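These are the residues of each chain, in order.
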Amino acid sequence: MVALVTQLTAPIAPADALRRIGFLLERTRAGSYRVEAFRKAAATIAALPKGELAARHTAGTVADLPGIGKATAGVITEALDGAVPTYLASLQESAGGPLVEGGEGLYAALAGDCHSHSNWSDGGSPIEEMVLSAVETGHDWLVLTDHSPQLRVANGLSVERLTKQIAIVDAITDSLGGVFSLLKGIEVDILDDGSLDQAPRMLDKLDLVVASVHSKLKMNRLPMTKRMVTAVSNPRVNVLGHCTGRLVTGSRGTRPQSDFDARAVFEACAEHETAVEINSRPERCDPPDELIRMAAEIGCLFSIDSDAHAPGQLDMKAYGCERAERLGLDPDRIITTWDVDRLSAWARGA
């Protein structure tokens, strides 16, 4: 996998320029409102009849299109004039470089991502856009893991909606002709008693399941430990997501990590071959270094994931790679370095 740092040069299709601006803004955690303007503009012009955009450019009426503002019209116009749009050039200079120093070797070894979201739950882009950006950033595979029903604030998927999404993912996979693999997954809530927030028959239809605690993060140590051990021991669970639930920075503020017996949880993960996620989102940075060291000593598998809620955030695995490489993790113990056949066989328990 190669980080998206190569600069686009002229000539650039206007939609590609708008998409790259959106990607670079997402990659550096810009506000969703700014990003949305460029992504909506790209979708608007992509839907135009052939020749209309060029005709509007000649007539000077690009800005009259619905959802096209001054900034996006400027990008479109400069691209049609055969230049690298000024705003894109500025972003490529300021935001196109490596996100972090270190971990480059491990990042290059990554093949995929086990934790990503689309606009079916609380992500910002359609599934197709997540797939296209994954291909552009050198992924071989991606697991789509939208939320489960209990997380209503994130528009979690009911049985009915998950059924529809599975059919769509299968159709997208068929259309890709084997050049890229989109896998069916879910980020399922771990309920208070350690059970999973989705019907077992639905989980059986998925390629991979990430299980995470999103509620009652201040639960007392003993019940929280039992809750997590029960979940990671479930044969349907493949990855334990952002295990401490902490927030260390960002617009949501900070949040302390949950209190649980990490050794007991990681020993259960090792016993049942449930991978411990290294969540690469800067606001999570979860688990902390000392828990990664403990999990490694116990013999756990790991999954370096982006937890991307927008296409540009797929690149955030660079942060997780820096930590994993610095802490001396064996790349072969990191399931996101595996090819899709090995990953799928492991996830099935083969």
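About the thresholds
- Residues numbered from 1 in each chain as written.
- Predicted model: local features only at pLDDT ≥ 70, side-chain atom pairs only at ≥ 80, totals over all residues.
- Heavy atoms only, no water.
- Salt bridge = Lys/Arg side-chain N within 4 Å of Asp/Glu carboxyl O.
- Helix = DSSP H or I, 4+ residues; strand = E, 2+ residues; numbered from the N terminus.
- Buried < 20%, exposed > 50% of the residue type's maximum accessible area, 1.4 Å probe, protein only.
- Axes fitted to C-alpha atoms, helices over the stretch in contact; angles between N-to-C directions.
- Parallel < 35°, antiparallel > 145°, perpendicular 65-115°, else oblique.
- Left-handed = near helix turned anticlockwise from the far one by under 90°.
- Contact = heavy atoms within 4.5 Å.
- Nonpolar A, V, L, I, M, F, W, Y, C, P; charged D, E, K, R; others polar.
- Disulfide = S-S within 2.5 Å.
- Core = buried A, V, L, I, M, F, W, Y, C linked by side-chain atoms within 4.5 Å.
- Arc of directions from axis to C-beta.
- Polar contact = N/O pair within 3.5 Å; in protein donor to acceptor, adjacent residues only side chain to side chain.

Observations concerning the pattern of salt bridges
Then, in step 1: Taken as a whole, this structure holds 20 salt bridges when the rule is applied.
Then, in step 2: One salt bridge connects Arg-39 with Glu-26, and the closest N-O pair in it is separated by 2.8 Å. Of this pair, Arg-39 sits in helix H2 (residues 32-46) while Glu-26 sits in helix H1 (residues 14-27); the two residues are 13 residues apart in sequence, bridging distant segments of the chain. Grouping residues by exposure puts Arg-39 and Glu-26 together as buried.
Then, in step 3: Two residues, Asp-289 and Arg-326, come together in a salt bridge whose shortest N-O distance is 2.8 Å. Of this pair, Asp-289 sits in helix H12 (residues 289-298) while Arg-326 sits in helix H13 (residues 317-326), and the two are 37 residues apart along the sequence.
Then, in step 4: A residue is classified by how much of its surface remains accessible, and Asp-289, at 19% relative accessible area, is buried.

Some words on the packing of helix H7 (residues 127-136) against helix H8 (residues 159-175)
Then, in step 1: One can describe the packing of H7 onto H8 by two numbers: an axis separation of 11 Å at closest approach and a directional angle of 40 degrees. Taken together, H7 and H8 sit at an angle that is classed as oblique. Crossing geometry of H7 relative to H8 is assigned as right-handed. Touching Ile-127, Glu-128 and Val-131 of H7 are Gln-165, Ile-168 and Ile-172, all from H8.
Then, in step 2: Residue classes in the contact of H7 with H8 are distributed as four nonpolar, one polar and one charged.

Focus: the state of the cysteines
Then, in step 1: Taken as a whole, this structure holds zero disulfides when the rule is applied.
Then, in step 2: Left unpaired, Cys-285 is separated from the closest cysteine sulfur, that of Cys-243, by 12 Å.

Remarks on the nonpolar core
Across soluble globular proteins, you tend to see nonpolar side chains buried next to one another.
Then, in step 1: Leu-182, Met-228, Leu-240, Phe-266 and Phe-302 are the most contacted members of the largest nonpolar core, which has 63 residues in total.
Then, in step 2: Here Leu-182 is in contact with Ile-127, Val-131, Leu-142, Leu-144, Val-169, Ile-172 and Thr-173, once residues within four sequence places are set aside.

With respect to helix H14 (residues 340-347)
Residues separated by three or four positions in an α-helix point in the same direction, a consequence of the helix having 3.6 residues per turn.
Then, in step 1: Restricting attention to buried positions, one finds in H14 the residues Val-340, Leu-343, Trp-346 and Ala-347. Around the axis of H14, the buried residues are gathered within 130 degrees of arc, so they sit on the same side.
Then, in step 2: On its buried side, H14 packs onto strand E2 (141-144), strand E3 (181-189), strand E4 (208-212), strand E5 (239-240) and strand E6 (275-279).
Then, in step 3: Measuring from the backbone nitrogen of Asp-341 back to the side-chain oxygen at the start of H14 gives 3.1 Å, which picks out Asp-339 as the cap.
Then, in step 4: A positive phi of about 80 degrees marks Gly-349, the residue just after H14.

Note that all results are geometric; they support no functional claim without further evidence.
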